[in-house]
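# Structural overview
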Amino acid sequence: NSGIMMIDDVYIDDAPPCPDPTNLAVSNITTSTVNLSWAPGYLETQWQVAIQPAGTGTPTGSGTTVNTTSTYNATGLTQNTQYEYYVRANCDANGYSSWVGPIAFKTDCNPIATPFLETFDSTSTTESCWKIVNGNGDGNDWFLNQTVEPIFGDQMAALFTGSNGDNNEWLITPTLTVQPNQR
């Protein structure tokens, strides 16, 4: 058997003095807590994490110091709020890496008592508590505040799928606290 191996345009540079963390992730979001994680480089001894309101931009100061593990369990967050987080490595004598991020997340809403009515109209006060999940990443998604022929009121939630036959799109209710029948 025969084969060909080719190589072209090789560039070799010095490794950074303090590599950036990678693979930032968010999990286990609640009304006031979130778990943050990242993949460490190879030189750091600790990290700094900055959690701030969404759209704030790259942190200008230091963050919360995290030792020995590349995870951070944030607490004391405000319910139904958009946040972003950044992380950077501390490599002692080699200084800090760049801030990496932002990774956006939104805390859950406090549970809503039943009976519960969501109209998706312009007067809705709980619409932001619904979660939209695009399970197959196809660009077809749920949209809120749509004005295309709502059955009642002035707006509705709508799923526009086009010709997509493999839908995995979800519109998830807020957490509800079911009240016993009060009759």
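Scroll up to find the structure this text is about.
Just so it is clear, the model here is predicted, and its values are computed rather than measured.

## As for the nonpolar core
Of all hydrophobic cores here, the largest spans 17 residues; its most connected members are Leu36, Trp38, Val49, Tyr85, Val87 and Phe105. Sorting the residues of this core by element identifies strand S2 (34-39), strand S3 (46-53), strand S6 (82-90) and strand S7 (100-106) as the ones contributing at least two each. Broken down by element, this core gets its largest block of residues, four residues, from S6.

## Digging into the sheet that holds S6
The four strands are arranged S4-S3-S6-S7 in an open sheet whose pairing can be described as antiparallel. Pairing within the sheet leaves two strands with one partner each, and these edge strands are strand S4 (64-67) and S7. Each neighbouring strand pair of the sheet contributes to a mean axis angle of 30 degrees, computed without reference to strand direction. Relative to S4, S3 is paired through four bridges, and the arrangement is antiparallel. Opposite valine 49, over in S4, you have threonine 64 as the bridge partner.

## As for unusual backbone geometry
Cis geometry is found at the peptide bond from glycine 101 to proline 102, where omega equals 5 degrees. Position of proline 102 among the secondary structure elements: in strand S7. With an omega of 5 degrees, the peptide bond between threonine 114 and proline 115 qualifies as cis. Examined against the element boundaries, proline 115 turns out to sit in the loop between strand S8 (112-113) and strand S9 (131-134). Non-glycine residue asparagine 80 carries a positive phi angle of around 55 degrees. Looking at the element boundaries, asparagine 80 is found in the loop between strand S5 (71-74) and S6. For phenylalanine 120, which is not glycine, the phi dihedral falls at a positive 60 degrees. Note on phenylalanine 120: relative accessible area 11%, which makes it buried.

What counts and what doesn't
Residues numbered from 1 in each chain as written. Predicted model: local features only at pLDDT ≥ 70, side-chain atom pairs only at ≥ 80, totals over all residues. Heavy atoms only, no water. Core = buried A, V, L, I, M, F, W, Y, C linked by side-chain atoms within 4.5 Å. Buried < 20%, exposed > 50% of the residue type's maximum accessible area, 1.4 Å probe, protein only. Helix = DSSP H or I, 4+ residues; strand = E, 2+ residues; numbered from the N terminus. Pairing = 2+ DSSP bridges. Axes fitted to C-alpha atoms, helices over the stretch in contact; angles between N-to-C directions.

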